[in-house]
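Next come the chains, spelled out residue by residue.
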Amino acid sequence: MDPLWIIFAFAFGFAIKQIDLPPLVGFLIAGFVLNIFGVEHSDTLEMIADFGVMLLLFTIGLKLKIRNLLNKQILITSSFHMMITILIFGMIILLLSYFGFSKFSGLSGQSSILIAFALSFSSTVFAVKILEETGSMKTSHGKLAIGILVIQDIFAVLFLTISSGKSPSLWTFSLLLLLFVPRLLNKTKLSFILNRTGHGELLILLGVLLPITGGALFELVGLKADLGALVFGVLLADNKRADELSKTMMGFKDLFLVGFFLSIGLMGSPGIEAIGIALLLSLLIPIKTVLFFTIFTRLRVRARTSVLGSFSLSNYSEFGLIVGAAGVSGGWITSEWLVIFAVALSFSMLFSSILNTRSQLIYAKFQTYFLKFETETRLKGDEPIVFADEEVIVFGMGRTGSEVYRVMTEKYRKKVLGIDISSEVINKRKKLGNNVIQGDATDLNFWQRINMSEKLPLVILATPSHSTHMRVIEQLDEIHCSIRIAAISRFDDEMKELTDAGVEVVFNLYEEAGFGFANHTFNQIYDSR
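The text that follows walks through the structure, step by step, so that each part is easy to find. What you see is a predicted model; the values in this text were computed from it and never measured.

### Description of the side chain of Thr305
Right, on to step 1. For Thr305, the position within the fold is in helix α17 (residues 303–312).
Right, on to step 2. Sequence-distant contacts of Thr305, that is, excluding residues within four places in its chain, are made with Ser140, His141 and Leu144.

### So, the pattern of salt bridges
Side chains that carry opposite charge are capable of pairing whenever their charged atoms lie near each other.
Right, on to step 1. If you walk through the whole model with that rule in mind, you get eight salt bridges.
Right, on to step 2. The salt bridge involving Glu273 is made with Lys103; its shortest N-O contact spans 3.7 Å. Of this pair, Glu273 sits in helix α15 (residues 272–282) while Lys103 sits in the loop between α5 (72–98) and α6 (109–119), placing them 170 residues apart in sequence.
Right, on to step 3. When the shortest N-O distance is used, the salt bridge between Lys103 and Glu336 registers 2.9 Å. With a gap of 233 residues between them, Lys103 in the loop between α5 and α6 and Glu336 in helix α19 (residues 336–357) connect regions that are remote in the sequence.
Right, on to step 4. By relative accessible area, Lys103 is classed as partly exposed at 26%.
Right, on to step 5. Note on Glu336: relative accessible area 42%, which makes it partly exposed.
Right, on to step 6. Each of the salt bridges in this network shares a partner with another, and the network as a whole consists of Lys103, Glu273 and Glu336.

### What to know about the nonpolar core
Right, on to step 1. Within the largest apolar cluster, 108 residues are counted, with the highest numbers of intra-cluster contacts made by Ile146, Phe260, Phe261, Leu281, Tyr316 and Trp337.
Right, on to step 2. No other element matches helix α3 (residues 43–62), which puts 11 residues into this core.
Right, on to step 3. If we ignore the near neighbours within four places in the chain, the residues touching Ile146 are Ile60, Leu64, Val128, Leu131 and Met137.
Right, on to step 4. Listed in part, the 18 residues of the second largest apolar core include Ile393, Phe395, Met495 and Leu498.

### A closer look at the packing of aromatic side chains
Right, on to step 1. For the structure on display, the rule yields 14 aromatic pairs.
Right, on to step 2. Ring geometry for Tyr98 versus Phe99: centroids 5.3 Å apart, planes at 85 degrees, classification edge-to-face.
Right, on to step 3. Look at Tyr98 and you get exposed, because its relative accessible area is 69%.
Right, on to step 4. Its relative accessible area of 61% is what places Phe99 among the exposed residues.
Right, on to step 5. Through a chain of ring-to-ring contacts, three or more aromatic side chains come together here, namely Phe293, Tyr363, Tyr369, Phe370 and Phe373.

### Some points on a nonpolar patch on the surface
Right, on to step 1. Together, Leu95, Tyr98 and Phe99 give the surface a local cluster of nonpolar side chains, amounting to about 430 Å² of exposed area.
Right, on to step 2. With respect to the helices, strands and loops of the structure, Leu95 is situated in helix α5.

### With respect to α17
Right, on to step 1. When you tally the buried positions in α17, you get 10 out of 10 residues, the bulk of the element.
Right, on to step 2. Those residues of α17 that sit buried are Ala303, Arg304, Thr305, Ser306, Val307, Leu308, Gly309, Ser310, Phe311 and Ser312.

### Comments concerning the pairing of strand β1 (residues 392–395)
Right, on to step 1. The alternating pattern of β1 places Val392 and Val394 and Ile393 and Phe395 on opposite faces, both of which are buried.
Right, on to step 2. As paired strands, β1 and strand β2 (residues 416–420) are joined by four bridges and run parallel to one another. If you follow Ile393 over to β2, its bridge partner there is Leu417.

### A few points about the sheet that holds β1
Right, on to step 1. The strand order across the open sheet built from six strands is β3-β2-β1-β4-β5-β6, with neighbouring strands paired in parallel fashion. Looking along the sheet, the strands with just one partner apiece sit at the ends: β3 (436–438) and β6 (505–508). Each strand of the sheet is rotated relative to its neighbour by a mean of 20 degrees, with strand direction disregarded.
Right, on to step 2. In this fold helix α22 (residues 399–410) packs onto β1, β2, β4 (458–461) and β5 (484–489), with an angle of close to 170 degrees to the strand it touches most, β2.

Reading the values: rules and limits
Residues numbered from 1 in each chain as written. Predicted model: local features only at pLDDT ≥ 70, side-chain atom pairs only at ≥ 80, totals over all residues. Heavy atoms only, no water. Helix = DSSP H or I, 4+ residues; strand = E, 2+ residues; numbered from the N terminus. Contact = heavy atoms within 4.5 Å. Salt bridge = Lys/Arg side-chain N within 4 Å of Asp/Glu carboxyl O. Buried < 20%, exposed > 50% of the residue type's maximum accessible area, 1.4 Å probe, protein only. Core = buried A, V, L, I, M, F, W, Y, C linked by side-chain atoms within 4.5 Å. Phe/Tyr/Trp six-rings, centres within 6.5 Å; stacked < 30°, edge-to-face > 60°. Patch = residues over 30% accessible without salt bridge, like charges linked within 9 Å, V, L, I, M, F, W, Y side chains within 5 Å. Areas by Shrake-Rupley, 256 points an atom, 1.4 Å probe, with all protein chains shown as cover. Pairing = 2+ DSSP bridges. Axes fitted to C-alpha atoms, helices over the stretch in contact; angles between N-to-C directions.

The structure is reproduced here in structure tokens:
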């Protein structure tokens, strides 16, 4: 990678982070600034960007369950939203063409539909980055958004296959069928290799090799390499080491994705007219947002989940550029539209960054209004939560939280309730006989629905996300609840922020691990004599 790219990416990413926006917004701006200074899009950057997207989809696959994609809320929402968006956007574009407005002049009905189709997608890369940065990947709205994005990506792949004019081979269907037999393949040599790789550099190399292999196989039969990386991730999703592999590849994925955001800004030098059209197209994004929210709530999704899920999808997609390129090859639109798509995509990401960064505040402020759209019946697992008499509440039932639960229950004989946002984690803990429920501690409604006893419980925040802990504290402040809080942390600056926010006990995992290990060793060796 050119050192100039790194300097600009870091400088703008750092500056943007200081105003509480995701660094990826800075990377986008860096791309535009580099373009202004005459830096051109290169094959090297394109390779870095493509590999970053493949790694992203591979890690998504590692966390994806096929049954989640077959969820009615995901299938119906993705299908109906795309159809209605194409209809509305297509009519608007045709109307602008009829009145001879700028680049819209002379567009045919087919061209208008193609542009509307390109704008109907939401960005997988952007949404996942936002969900990761806010610790929302496993929340209800996070899983809903990811499922819809995967279905949209499949729609895009089908379009590209059909528009190419090539007849798909039988091998194409055989590879797609792999999605429906992950448990069978999980017992094959692929899982055997993963389980025998260890925890070091071999695991990293395998994490690089698998998406490349999946991509190459799918390209051989005329499908997108990105889809192959996703499928290979799904095949390993049930493996006990899938989560470790995903976490191992996280830093590499983020590094390569910097190239993706830089490449968008370097796609071309837009003129005033192109920027104006891109801004006009950006004004259509609220239509997508309202449409997502409406469909979600009609399908009995809670108002908060609907709002946050809709915000995550309120942008245009990199797949729009790919669809647009296919349109240029087919002679349906001119190449100028690719630059317009790129600028509109950038504007949409800037808008969506601000929206998602403040999503919790927006929902809290307009909660009464949003709740009017909720249906009377709730989805399973989304019912009101009422509990009382618990002495300790543990949020986050991963390894740390589960151990806290065990010690508080067995050693100190406390009545403990474990809470986690993941249904898979909750089902696992229930099988072990733990007193657990599924819930999102960052949801203001969650706290407002709780019926506690007069003696307030101790709340222990044991999730791996510092941002989640801070949002829980904000929610408790919002309802003026003086619950005593303890939290785990990893870094000194996070510990200070938690302490300043009123947390009574902050436990540094890295520092205290050595202390705990020393005590455990002393007790095992010397006390046993």
